[in-house]
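Residue-level structural notes
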Number of protein chains: 2
Amino acid sequence: MSVTLRTVAERANVSLSTASRALSGSPLISEGTRAVVDQAASDLGYRPNRAASALRSKRSHLIGLVLNNLVNQSFHTIADVIQRRLRSEGYQLILSTTDADPRTEESLLLTLADHGVDGVIIIGSGQSAATTNDFLHRGMAVVNVIRSSHDSLAPTVLAADRDGAYEATEHLASLGHRRIGYIGGIESADSGRARHSGYEDALARHGIPYDESLVLRGPFTQDFGALAATELLARSTGMTALFAANHEAVFGILPVLMQHGMRIPDQLSLVCFEDMPLLQMWHPAVTVIDNGATQLAELSVDLLLSQIRAIVSEGVTPERLRRLTRTYRVGSQLVARASTAPPAPAFAVSSPRKARS
Amino acid sequence: MSVTLRTVAERANVSLSTASRALSGSPLISEGTRAVVDQAASDLGYRPNRAASALRSKRSHLIGLVLNNLVNQSFHTIADVIQRRLRSEGYQLILSTTDADPRTEESLLLTLADHGVDGVIIIGSGQSAATTNDFLHRGMAVVNVIRSSHDSLAPTVLAADRDGAYEATEHLASLGHRRIGYIGGIESADSGRARHSGYEDALARHGIPYDESLVLRGPFTQDFGALAATELLARSTGMTALFAANHEAVFGILPVLMQHGMRIPDQLSLVCFEDMPLLQMWHPAVTVIDNGATQLAELSVDLLLSQIRAIVSEGVTPERLRRLTRTYRVGSQLVARASTAPPAPAFAVSSPRKARS
DNA sequence: CAAACCCATGCAAACGGTTGCACGACGGGT
DNA sequence: ACCCGTCGTGCAACCGTTTGCATGGGTTTG
């Protein structure tokens, strides 16, 4: 009924194996036969059956992408870039979300393995290292992105959390701000810790004392952002700038600032971690630390593909595994937009007077 | 090496076929053997090989999801809901984007077929009906969402574009607005036409003359939104309200309104089509027509699953195909928020005077 | 009591490629 | 002229399940 490799082989007057090799680009085939087979295949509109191919060759051309959720803006760019790059390399993406639940993640990974995925990219979760390590031993490629687990053998691609946070704070400080608020992620998250220390370091560098009443750290949720912003504004700490280092909380922070009628940047300068479409469109456009989502995605795909290639050529050797375990940092960059300015109100009034007196 | 069905069968002292039937829940198996086999499988940690299963049974438990892109907010909810529902039914999602390019879409669909997907959900594109019709004949399930093609045999799930637009306009009109701007989608898109006629009808119903200078229609892009908003504001047509019926253009419209310092809703009331996180967070929160993305997604999955079930039980009959072709509308709903109010400025000044004089 | 039947099970043939191995032809070296 | 190596091709086994058909024991029916 449907056209299989056998049909192609018959039409090209070659054996099944020759047809297979010709189409898969084996170097053992003469140019002549290859041409004949190719012609036959395209005449017949032959399409290979991936299931059959996967069954025999253990290569499915499927890659699993594991995400916490799809609703969070910050994953879109990454997912989009990954998907594009993989498709152009002949892979398709099986996408699934875990809601950050370890059990869901675990069972999802197993299901992906059932489907024989050639590799898995795990974004924003460092759980189930045991399972992914097992995958590595079974010849599947694995890459962790954004969040890592210390005992994962797979390579990890991280954003430059500390440096980015340093730069953000530095930017505010050199504009003249000294009361810089900080809303960040929980301490138990590596990224939360790293960003916080970037903030501290930059303050220290500028001789600004660290003031706990300006700092709030919590979960990566919109609700926490709203709470934290409300709290900080209520405290009246003389805050003239705010560094929103918790990407998810931003969605809670912005509305609260608007509701309180904060004039940005006149009353309050604002820097966010991680660039998102929303922040470009905001009015005023928000100054951000671009954490290089595109690069993160591209590096992840590169690492995955090179793993796959290594597995094909070398097989699963302990040596290969040892080489794997490594952490990559993607540089971040300040994108100055309209939401940051010198702490005008206090200065505009006081400096001229000072100058006169 | 790895544990296969054969291993399980041996441990349970049954044949391969019995083991297979026991695990797949065939009614031909006695309770006793089923229990033994189940036990053996779980003892061994048996995981079925999907590739093998797909090869033999033609059912991959894979569903293709075809999107224009991942960057557009409006697809996230739908994609998320679809992904969840399908996973809970034992399916995995192969996600891919087409950038609205027919050739990409075509080749993508073929690739999905190569992978033996059991069905495809196509969001926001009505191209390649020929290919999807072919899929239907080959026993694959297909559902179109949001955008349809007249000659597609597959069922289509649409939002209530006309009614939603009617309701939006009606809302503004009954607040007292008579100069209601409209930024919509191109005429060649069904949804563009439907929304526009909803707008017209509501105006007519309220005895408001249709004024072309208040109406701009164009592609579903952010850029068009920015252009259109700038243009409308420049025209000074006495517009007191704006209905943004082009979901993608919204991202261009909002920043322009902010840049022009429009006070919403004092100077201009605003209603958008399609609810998005951004619009809830905006300040003021934007009144929207919720087009029921969640319901759209759920209905799509239901239609897909019922197709799959029908194919399994009936096979591919012309009768089945005939039953398929049908369009479903998901109701939309006005969500009144802070961006709409009576046309205060003009009225506050003029009506009292009128009353007095 | 035999015939007809049903149920649970096993056998073996698919499904559609891939791949290790064997084979034959051909060219070059001695 | 003979041997050997290389290259292109074919044969057949194999990947792990599913499933049509045959089998055999037990039950129902005439």
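Scoring rules and cut-offs
- Residues numbered from 1 in each chain as written.
- Chains lettered and ligands numbered in written order.
- Predicted model: local features only at pLDDT ≥ 70, side-chain atom pairs only at ≥ 80, totals over all residues.
- Pairing = 2+ DSSP bridges.
- Helix = DSSP H or I, 4+ residues; strand = E, 2+ residues; numbered from the N terminus.
- Axes fitted to C-alpha atoms, helices over the stretch in contact; angles between N-to-C directions.
- Contact = placed C-beta atoms within 7 Å.
- Nonpolar A, V, L, I, M, F, W, Y, C, P; charged D, E, K, R; others polar.
- Expected span 1.5 Å × (residues − 1).
- Buried ≥ 20, exposed ≤ 12 C-beta atoms within 10 Å, placed from the backbone.
- Arc of directions from axis to C-beta.
- Core = buried A, V, L, I, M, F, W, Y, C linked by C-beta atoms within 7 Å.

You'll find chain A entered in an unreviewed UniProt entry as LacI family transcriptional regulator, with Herbiconiux daphne given as the organism.

As for the sheet that holds strand β2 (residues 92-97) of chain A
With mixed pairing, 12 strands are arranged side by side in an open sheet as β11(A)-β5(A)-β4(A)-β3(A)-β1(A)-β2(A)-β2(B)-β1(B)-β3(B)-β4(B)-β5(B)-β11(B). The strands lining the two open edges of the sheet, one partner per strand, are β11 (327-330) of chain A together with β11 (327-330) of chain B. Averaged over neighbouring strand pairs, the angle between their axes works out to 25° when direction is ignored. Where strand β3 (residues 119-123) of chain A lies against strand β4 (residues 141-145) of chain A, 5 bridges are found, and the strand directions are parallel. Residue Gly119(A) lies in a different strand from β4(A), and its bridge partner there is Ala141(A).

Concerning the interface of chain A and chain B
Many descriptions give the size of an interface as the accessible area lost when the pieces come together. The interface of chain A with chain B comprises 37 residues on the first partner and 38 residues on the second. Every element with two or more residues in the side of chain A that touches chain B is listed here: α4 (50-57), α5 (74-88), β2, α6 (102-114), α11 (250-259) and α12 (277-281) of chain A. A total of 6 residues in the side of chain A that touches chain B trace back to one element, the largest contributor, which is β2(A). The class makeup of the residues in the side of chain A that touches chain B is 19 nonpolar, 13 polar and 5 charged. Examined bridge by bridge, β2(A) and strand β2 (residues 92-97) of chain B share 3 bridges and lie antiparallel to one another. Looking across to β2(B), one finds that Leu95(A) is bridged to Leu93(B).

Focus on helix α6 (residues 102-114) of chain B
With 13 residues, α6(B) extends 18 Å from end C-alpha to end C-alpha; this agrees with the ideal 18 Å at 1.5 Å per step. Buried within α6(B) are the following residues: Glu105(B), Leu108(B), Leu109(B), Thr111(B) and Leu112(B). The buried residues of α6(B) all sit within an arc of 160° when viewed along its axis, so they share a single face. Check the buried side of α6(B) and you find it contacts β2 of chain A together with β1 (62-67), β2, β3 (119-123) and α7 (129-137) of chain B. Gly116(B) sits one or two residues past α6(B) and shows a positive phi near 70°.

Topic: the nonpolar core
Residues Leu65(A), Val120(A), Ile121(A), Leu65(B), Val120(B) and Ile121(B) are the most contacted members of the largest nonpolar core, which totals 88 residues. Each residue touching Ile121(B), except ones within four places of it in the same chain, is listed here: Ile63(B), Leu65(B), Ile82(B), Val143(B), Val145(B), Ser300(B) and Leu304(B). By size, the runner-up hydrophobic cluster in this structure holds 87 residues, among which are Leu216(A), Leu172(B), Val256(B) and Trp282(B).

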